[in-house]
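Per-entry structural report
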2 protein chains.
Amino acid sequence: ETDKPAVMDEVLEEFGETRLALLLEAMPIDERMLRWHSIPSEEQAAILIEMRGDARNSIIRALSPEQLERLIGQLDAQDLIEIGDSLPQSVVEDALEHMDAEQREYFERSLQYNEEQIGRYVDHNLLMLPAAARVQDADRLLRRPLPPYTDSIYLFDRSGRFQGTVSTSQLFTLPGHIHLSTQIDEDAEPLSGEAELYAAATAVQESGAMALPVVDEQNRLLGRVTLHDAMVLQQSHFENLLMARAGMNEEEDLFAPVLRSSRRRATWLGINLLTAFLASWTIGLFEATLQQVVALAVLMPVVASMGGIAGSQTLTLMIRGLALKQVSRGNLVSLLKKELGIAGVNGLIWALVIAVIASVWFSSPLIGLVIAIAIAVNIVAAAFSGVMVPMVLDHLKIDPALSGSVILTTVTDVVGFFVFLGLGALLLI
Amino acid sequence: ETDKPAVMDEVLEEFGETRLALLLEAMPIDERMLRWHSIPSEEQAAILIEMRGDARNSIIRALSPEQLERLIGQLDAQDLIEIGDSLPQSVVEDALEHMDAEQREYFERSLQYNEEQIGRYVDHNLLMLPAAARVQDADRLLRRPLPPYTDSIYLFDRSGRFQGTVSTSQLFTLPGHIHLSTQIDEDAEPLSGEAELYAAATAVQESGAMALPVVDEQNRLLGRVTLHDAMVLQQSHFENLLMARAGMNEEEDLFAPVLRSSRRRATWLGINLLTAFLASWTIGLFEATLQQVVALAVLMPVVASMGGIAGSQTLTLMIRGLALKQVSRGNLVSLLKKELGIAGVNGLIWALVIAVIASVWFSSPLIGLVIAIAIAVNIVAAAFSGVMVPMVLDHLKIDPALSGSVILTTVTDVVGFFVFLGLGALLLI
């Protein structure tokens, strides 16, 4: 019950920005603003950065121009990139004018990369030394307060090009005059600024280091990605996968204003309505049949549901596989075989079970036969589309987590109803 | 295309265990075993540990007793806990006999905690010193090769109780005779061994440290959780959320044997079949009506789909909110109000749109009226259940991500068909 508003004040003392951001997100907007204003203004920027986009926007929209200006004054280049999309252009320009030249340069460099590239979101708090530096120079650097998650010093040459990473932990055992360039860790590969966000996060996780350097095309150091940031990127990647299945994204606010949310969700309902009308249209082809054999109408949900569920199992496995880069053309055929195999087994079993139930319910073995064939065909069609639809979407650079289920449902509804009612028309009349 | 088998051999040189584990998972079982045997045996254990449960089991099942024994010989206590469930009891006992007393003790201690508690999965590679130690002792410790992700030394007293955390980065500036106990970081709270896995992962992420110590009820140090492990736990948490929506879990193997997969998925299909038959039974109540007004049968999928989609949007938002601990009784009423508000707006809009289409299609304003009411009622019922069903399931300690959608679909199908066909019976005949 930690997100009860009553405990917010004590919570302010005890938790970090991430937790506070989560708490604010969990509050209705009026209460959120009330609590927001009780946060000391020097802590507000850090908390705002941690919030999900829509919830953050709800706060920015409610601030007066003076409050917004004070808040923006606390942002560095990385923060401004992070929340820039939520801000009016004039406010961003204002903020840039108040930054020093270095931060402005960081900002410009980040903007060279798009929202799916790690170069846009690098951290600039890091230890750097010229490649000609010695262990004693590093020692001096390490005696000052360190940026969090620091286990390396990055070396650069005279033209500013990245030369390599030196692990700090080995330096204590070395004499001061040794050149750092002789201690470069050859295994530590820098990330390209163009690397996709989740791929960058995974690379940091696998590196065993606390952070990886990020370089541009000319091999100049852009910044770094820490393991902490990698964890944030991973979370947002998976939240997007989760939310996409219902036509939303991870920025969705638990307490977005009703009209704003309604508009967004309406789009998704509209898209799915087209699917539903396609299914209706399919059924409409068999109006005469339905009038004569009303049992077919009664059993329609069973045909649609079994196809839909079987398809969504395959689709979910594929969406995870694509997200983890485990699925590609290289193993597509094997996957298809396996999923069709499963569909064959389950299609057969459930066709039999449902046939028996339907035959008894409507005292007609023929109805049992019709639904058995429809179920078996639909489960196999579901498996086939469950594999192929996300592959094709991925190839077309359309998010399979978002669009996959709509298309799949269309297939299983239309195929299911067509086979079921079509066979009904042929065999039962 | 990095997961093509052809590149596996070069890949072996270049990637770490995590990447190799992902690649093996992405291969059909025959190929997986072929590649497995081409991995140097001293690297096999580390890769196996990184694999998801089902894929790991596929390898263990295929090993000869001798191969298994050699593999098990490489495991430490933490590894054995991790894969113990995949192993026959006799093999676990054998492995324990070959461990030294310290590792055996680690193993026993881990087993005090269940599979949802962090105490079971702690890392034992850490720096520890008695609370009476001085900076010079720490210096000596830090000159040896360090465990990965080390930024702290943990202090313990004479009875083995955890005393606190000393950050290593500040030690270089201090004279050697200073007692470490004067340098304890008061903000660094240890985790309880009973902490839930994802909560522990989040705590590590928020701490700003590279790892957090984990203690038992007597405040004895059990081990630590690194930021790397936190990232693995976070991933598995979100993968479970994703997979649960289709009745699977994150251990699901992309290439599980067909019969094994079929059996598991059959369970989920069977559960959903009950839902579908409930919907059929509801329709069956109105057989006479359907026979007279076959347009109702044609439009049924629209009613069911709009309810299902609206419900799944609310449900998805709730599932994420519960997973992030953002939803509780404290904000339940506000959430319900907001979701019902959205449902009101979208219910009204789509009821009108669909009413117009249906009226024109079947040249009957009354059919338009009937479906309008059914759509509006069903979208509101979907929002209400979308909020309440996961709350109740969570309260009953049933995973809402797994069971929520089945129950929700039952509600939207039954309510939708009942209102639609019931009104049809009243108004159209």
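Reading the values: the criteria
Residues numbered from 1 in each chain as written. Chains lettered and ligands numbered in written order. Predicted model: local features only at pLDDT ≥ 70, side-chain atom pairs only at ≥ 80, totals over all residues. Heavy atoms only, no water. Helix = DSSP H or I, 4+ residues; strand = E, 2+ residues; numbered from the N terminus. Rg over C-alpha atoms; globule rule 2.2 N^0.38 Å. Buried < 20%, exposed > 50% of the residue type's maximum accessible area, 1.4 Å probe, protein only. Domains from an automatic or database assignment. Contact = heavy atoms within 4.5 Å. Buried area = accessible area lost by both parts, 1.4 Å probe. Salt bridge = Lys/Arg side-chain N within 4 Å of Asp/Glu carboxyl O. Nonpolar A, V, L, I, M, F, W, Y, C, P; charged D, E, K, R; others polar. Core = buried A, V, L, I, M, F, W, Y, C linked by side-chain atoms within 4.5 Å. Least-squares fit on C-alpha atoms with pLDDT ≥ 70 in both. Pairing = 2+ DSSP bridges. Axes fitted to C-alpha atoms, helices over the stretch in contact; angles between N-to-C directions. Polar contact = N/O pair within 3.5 Å; in protein donor to acceptor, adjacent residues only side chain to side chain.

1. Some points on the overall build of chain A
Helix and strand counts for chain A stand at 18 helices and six strands. Taking 429 residues into account, the globule formula puts the C-alpha radius of gyration at 22 Å, and chain A, at 29 Å, lies well above it. Projected onto its principal axes, the C-alpha positions of chain A cover 95 × 50 × 40 Å. Taking all 429 residues of chain A together, the buried fraction comes to 58%.

2. Some points on the domain arrangement of chain A
Residue and element names in this part refer to chain A. Split by domain assignment, chain A resolves into domain 1 (5–119), domain 2 (128–244) and domain 3 (258–428). On a C-alpha basis, the centroid separation for the pair domain 1 and domain 2 is 26 Å. Counting residues at the interface gives nine residues for domain 1 and 17 residues for domain 2. Approximately 970 Å² of surface area, both sides summed, lies buried where domain 1 meets domain 2, with 54% of it carried by carbon and sulfur atoms. Between domain 1 and domain 2 we count one salt bridge in total. A salt bridge links E239 to R52; its shortest N-O distance comes to 2.6 Å. Among the residues making up the side of domain 1 that touches domain 2, the classes are represented as two nonpolar, three polar and four charged.

3. Re the nonpolar core
Counting 91 residues, the largest nonpolar core has A:F420 and B:F420 as the members making the most contacts within it. Each residue touching B:F420, except ones within four places of it in the same chain, is listed here: B:L296, B:L299, B:M300, B:V303, B:V370, B:I371 and B:A374. Ranked by size, the runner-up nonpolar core spans 74 residues in total, among them A:A201, A:A203, A:L233 and B:L20.

4. Description of the relation of the copies chain B and chain A
Superposition record for chain B on chain A: RMSD 0.0 Å, screw rotation 180°, translation along axis 0.0 Å. The operation mapping one copy onto its partner corresponds to a two-fold rotation axis. Here 99% of the interface residues in chain B have copies in chain A that are interface residues too; the copies meet face to matching face.

5. Let's talk about the sheet that holds strand β3 (residues 162–167) of chain A
Residue and element names in this part refer to chain A. Strand order in this open sheet of three strands is β1-β2-β3, and the pairing throughout is mixed. Single-partner strands in this sheet number two, and they are β1 (128–130) and β3. Mean inter-strand twist for the sheet, computed between neighbouring axes without regard to direction, equals 30°. Bridging between β1 and strand β2 (residues 152–156) involves three bridges; their strand directions are parallel. In the sheet register, P130 faces β2, and the bridge partner there is F156. In the packing of helix α10 (residues 135–143) onto the sheet, contacts are made with β1 and β2, and the angle to β1 comes to roughly 155°.

6. Some words on the interface of chain B and chain A
Across the contact, 107 residues belong to chain B and 106 residues belong to chain A. Regarding the contact of chain B and chain A, the summed buried area is about 10000 Å², with carbon and sulfur atoms giving 67% of it. Counting across the interface, chain B meets chain A through six salt bridges. Note that B:E239 is salt-bridged to A:R320, the shortest N-O span being 2.7 Å. Counting the contacts that link chain B with chain A gives 29 residue pairs in polar contact (both at pLDDT 80 or more). Elements with a minimum of two residues in the side of chain B that touches chain A: α2 (17–25), α10 (135–143), α11 (197–207), α12 (227–244), α13 (258–284), α14 (287–292), α15 (294–323) and α16 (329–361) of chain B. It is α13(B) that contributes the most residues to the side of chain B that touches chain A, 18 residues altogether. Classifying every residue of the side of chain B that touches chain A by side-chain character gives 58 nonpolar, 30 polar and 19 charged.

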